[in-house]
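The chain contents come next:
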Amino acid sequence: PAVPGELADAVIINTCAVTAESGRKSRQVIRRLKEENPGAVVAVCGCYSQIEPEEVAQFGADVIFGAADRGKLVEAVEKAQGSRDIDEPFKRREFEVLPAGAVAGRTRAMLKIQDGCVNFCTYCIIPYTRGRLRSLPLSDAAAETAKLDREGYREIVLTGIEVASYGVDLPGKPGLADVIETVAEAAPHMRIRLSSLEPTVITEDFCRRLAATGKICRHFHLSLQSGCDRTLKAMNRKYDTARFFRATKLLRQYFPGCALTCDLIVGFPGETDEDHAQTLEFIERCAFSAMHIFPYSRRPGTPADKMEGQLSNAVKAKRAHEAQRIADKMHREFMESSLGQTLPVLFETEEGDGFSGHSDTYLRVEAPGEKLRGSIKQVRITGVDGELLTGEIID
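What counts and how
- Residues numbered from 1 in each chain as written.
- Predicted model: local features only at pLDDT ≥ 70, side-chain atom pairs only at ≥ 80, totals over all residues.
- Heavy atoms only, no water.
- Pairing = 2+ DSSP bridges.
- Helix = DSSP H or I, 4+ residues; strand = E, 2+ residues; numbered from the N terminus.
- Axes fitted to C-alpha atoms, helices over the stretch in contact; angles between N-to-C directions.
- Contact = heavy atoms within 4.5 Å.
- Disulfide = S-S within 2.5 Å.
- Buried < 20%, exposed > 50% of the residue type's maximum accessible area, 1.4 Å probe, protein only.
- Core = buried A, V, L, I, M, F, W, Y, C linked by side-chain atoms within 4.5 Å.

The strand order across the open sheet built from three strands is β9-β10-β11, with neighbouring strands paired in parallel fashion. In the strand order of this sheet, the two ends are held by β9 (219–225) and β11 (290–295), each with one partner. Looking at each pair of strands side by side, their axes are set apart by 15° on average, direction ignored. One ladder, built from six bridges, connects strand β10 (residues 259–266) with β11; its direction is parallel. Bridge pairing in β11 links T261 to A290. The strands touched by helix α10 (residues 241–254) are β9 and β10; relative to β9, the strand with the most contacts, the crossing angle is about 175°. On top of the sheet, helix α12 (residues 313–337) reaches β10 and β11; it is set at about 175° to β11, its chief contact.

In structure tokens form, the structure reads like this:
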């Protein structure tokens, strides 16, 4: 509602379905907002309504969209037609161009360059909700980036569902390195940050071309999921630990001092104590700067949900705790390794007598100064205060 206590005329709920828990929360929100706003037009979109339209309809949604054509959602809400037509994900051919989203006080923008995934990892529902691979044409990527550069943004984040597959649907099949070079050329005043990468895309040529732009932030998020080859195979991942480790070595060779982060799933069906031990050993070997650790969550509709060897919540929680303890240690070590270094920091928010922002390694940094918002300054790191680095501007 525009005013607290007033009822909304329309409610739009963007749902998630990546885990069974996110689906449950989506259902709760739909029911609650429907009850709190009787008479309002209730529109539901996103991945959960893509795969469970009938269930969403039972909760009284008036407008139901899936994970595409969101540009038409407002029109549908205005008309309040009560349509329950859901697009079919595997019939989508066009890339849905969305306006670049602004974050961090209009200093950083996010540009979606890719949608869809056909990897069909056994634990993941995304291919069934997002459909075929679609990519933003290079000319559109250049035009949108140039516009953001003119508007004063200093950093652009290239996002997508599976950006490593960028361009397979476009004429000439340009690759991820091609769109990154295009964006770099179109953005003379912006640095470039990448979203999650599959290790298979990280080759020597890829790293060489990215480094040559001189604009890539030294922060790379890699999709690991497990540090055990047997588990990776059961997950239907397209690499093994040797290939993953080679990717980390290449990134550190071409981007010295870079931050490497990852996602990890523990307690996958059939994962043994030995498999888990191999994963713990592997993540220490990779020396990640930060990790996102998830106990495996069963997702109906995925092959993993029907696998034998489902583990108890207690076992999964224990393994997540053990992995998190190692991740916390590596994170502290990476933070402390920044002491004495000079890092480029994009300042975003005012903090007391100074400003804070993020380094190219995506660490939060605070330094004294005035009118720093939206500027990139070289900062010598002098201290570590929990999750915050402190320093002084040297230029």
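A few words on the state of the cysteines. The tally for this structure, following the rule as stated, stands at zero disulfides. You can see C121 has no disulfide; the closest cysteine sulfur is in C124, sitting 6.1 Å from it. C258 takes part in no disulfide bond, and the closest cysteine sulfur, belonging to C207, lies 8.9 Å away. With relative accessibility at 5%, the residue C258 sits in the buried group.

Bringing the side chain of R209 into the picture now. Its location among the elements puts R209 in helix α8 (residues 204–213). The class for R209 is buried, based on a relative accessible area of 18%. Excluding anything up to four places from it in sequence, R209 contacts A177, D178 and E181.

Looking now at the nonpolar core. Nonpolar side chains tend to gather and get buried jointly when the protein is soluble and globular. In this structure, L176, I202 and F288 are the most contacted members of the largest nonpolar core, which totals 57 residues. In terms of residue count, helix α7 (residues 176–186) provides more of this core than any other element does, six residues in total. Not counting residues within four places of it along the chain, the set of residues in contact with I202 comprises L197, C207, L222, R243, A247, L250 and L251. In terms of nonpolar packing, the next biggest core, distinct from the first, is built from 14 residues, F355, V365, I381 and L389 among them.

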